[in-house]
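Close look at the chain arrangement
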Amino acid sequence: MQQSWLLIVASFCFGLLIAVTNAALSPKIRQNEINKRNRMVTILLPEAKDFILLDEPVEIKSLQGRIEKVEIYKAMSMAGECVGWSFEATGSGFADKIKLVIALDKNFESIAGINVLASNETPGFGDQIKYDYYRGQFKGAPAGELKLVTIGERGKIDSEIVAISGATISSEAVVEIVSNSVTQIKEQMRKKGIIGNDKQ
Amino acid sequence: MTNSNVKTARYWQTLLAGLWRENPTLRLLLGMCPTLAVTAAVKPALTMGCCVIFVLICSNIIVSLMRNLLKPHLRILMFTLTIAAFVTIADLLLKAFQPEMSETLGPYVPLIIVNCIIICRAEACASKNGLVISIIDAVGMGVGFTLTLCVLASIRELLATGAIFEIQILTLAKDGGWFVQWAAMGMPVGAFLTLGLMLGLVNIVTRKKS
């Protein structure tokens, strides 16, 4: 038991040091995360000025079968009107998890756009999921099941997403994450009566 | 030679050892994980280097101060505890002030805890020497590591994207130049190739003439 006191004292001191640093920096770290997400969503929903977290919890079943809680943000315009919705969705990519931010229009009818928050796909191939020519296909696509095709026209906006050549797995992963989260969230939002049942 | 001259000479020797003679990456082959993982571009490599310098200096100071209290059976435990504390602080600082870099580096910042360079310096230098030598050793080793990482990253970034530190140096073929991006250099294979060639070159330069 020689010198155990040193270990105990040192653990306590280092613990305190980390706690103080964490307390001092955590508001800034949290703010950085919020800023980053807002910046990304504002690109997708240019009219949005403010984001309100939806109180009611929404849970979706992920592609791996886990139940995950999703934070849904209501995007408000300068005039205080709802201009869309956004949330984050995660799934397995080729090398690592892919984290997306997805924005939808105010009626959940179509996708306003997607953006990649975090990914680690192969440079030059899979990481093209970040490029406009691939991401752009989601802009305006119907909010429902999407399908990945290998041959098609990228300019045509519909539920068919054309894969990146040489990176089918990454392309497929993004399509699956979007389809899976959007369909489930849409259904739950309708059930809760947050968005309308019929087209207006 | 006077006493103070001997001292100054020893300080210089310690400092220069980390830069070349005992360069952690090129001569001791320590810390290979970040060397291979974060050198796709100069910016993350430099950030990683700065984090390692910070942790190295802090842990060397603490270990040097408590070197007389350390008993052999608690030694490694205390080293790890010290290093882990400072790495966590470095990680928090990076998240707060360099959020984008923190994301790029991902798990490699917490992984500094298991970076052999730091525990090696605690064991080989700080636990046997006074405060001043320990700090100089940490600076030498840290800067040596950072410089090596930056050289490696410059070569890889230049070949993979035609830029260094995100400043375009070679005109790309699609913009009317001659340079065609070599994507493999940005991938792990590029790291192994470049590091291998660098190590070979260093071995040729330092080979003893028999």
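Note that the structure is a prediction, hence the values are computed from the model and not measured.

Here is what the cut-offs are and how they apply
Residues numbered from 1 in each chain as written. Chains lettered and ligands numbered in written order. Predicted model: local features only at pLDDT ≥ 70, side-chain atom pairs only at ≥ 80, totals over all residues. Helix = DSSP H or I, 4+ residues; strand = E, 2+ residues; numbered from the N terminus. Buried ≥ 20, exposed ≤ 12 C-beta atoms within 10 Å, placed from the backbone. Contact = placed C-beta atoms within 7 Å. Nonpolar A, V, L, I, M, F, W, Y, C, P; charged D, E, K, R; others polar. Core = buried A, V, L, I, M, F, W, Y, C linked by C-beta atoms within 7 Å. Pairing = 2+ DSSP bridges. Expected span 1.5 Å × (residues − 1).

A short note on the overall build of chain B
When its secondary structure is counted, chain B shows 8 helices and 2 strands. N-terminal to C-terminal, the α/β element order of chain B is α-α-α-α-α-α-α-β-β-α. Principal-axis analysis of the C-alpha atoms places the extent of chain B at approximately 65 × 50 × 30 Å. The buried share of chain B, taken over its 210 residues, is 39%.

Topic: the interface of chain A and chain B
At the interface, 20 residues of chain A touch 18 residues of chain B. Counting residues per element, the side of chain A that touches chain B draws most heavily on helix α1 (residues 4-44) of chain A, at 14 residues. Here the residues of the side of chain A that touches chain B are counted per class, giving 10 nonpolar, 8 polar and 2 charged.

Some thoughts on the nonpolar core
Residues Ala 45, Cys 51, Val 52, Val 55 and Ala 90 of chain B are the most contacted members of the largest nonpolar core, which totals 45 residues. When contributions to this core are tallied by element, the ones reaching two or more residues are α3 (42-65), α4 (72-97), α6 (116-126), α7 (131-161) and α8 (188-206) of chain B. The dominant element in this core, judged by the number of residues it contributes, is α4 of chain B, at 11 residues. With residues near it in sequence (within four places) discarded, Ala 90 of chain B still touches Cys 51, Phe 54, Val 55 and Val 109 of chain B. Residues Leu 45, Phe 94, Tyr 134 and Phe 138 of chain A belong to the second largest nonpolar core, which totals 40 residues.

Looking at the pairing of strand β6 (residues 97-104) of chain A
Residue and element names in this part refer to chain A. A large share of β6 lies buried, amounting to 6 of its 8 residues. The sheet contact formed by strand β5 (residues 82-92) and β6 spans 8 bridges and is antiparallel. Residue pairing in the sheet places Phe 87 in a bridge with Ile 102 of β6. Taking the residues between adjacent antiparallel strands as the criterion, β5 and β6 are bridged by 4 residues. Looking at chain direction, β6 and strand β7 (residues 111-118) are connected through 6 bridges and run antiparallel. In the sheet register, Leu 100 faces β7, and the bridge partner there is Val 116. The antiparallel hairpin formed by β6 and β7 contains 6 residues in its connecting segment, where Phe 108 sits at a positive phi of about 60°.

Things to note about helix α3 (residues 168-191) of chain A
With 24 residues, α3 of chain A extends 34 Å between its outermost C-alpha atoms, agreeing within 8% with the 34 Å of an ideal straight helix rising 1.5 Å per residue. Once α3 of chain A ends, the next one or two residues include Gly 193 of chain A, with phi positive near 75°.

A few points about unusual backbone geometry
Even without being glycine, Phe 108 of chain A reaches a positive phi, approximately 60°. Here Phe 108 of chain A is to be found in the loop between β6 and β7. Overall, Phe 108 of chain A belongs to the buried group, with 20 C-beta atoms counted inside 10 Å. The phi angle at Leu 29 of chain B is positive, at roughly 50°, despite the residue not being glycine. Looking at the element boundaries, Leu 29 of chain B is found in the loop between α1 (3-21) and α2 (32-37).

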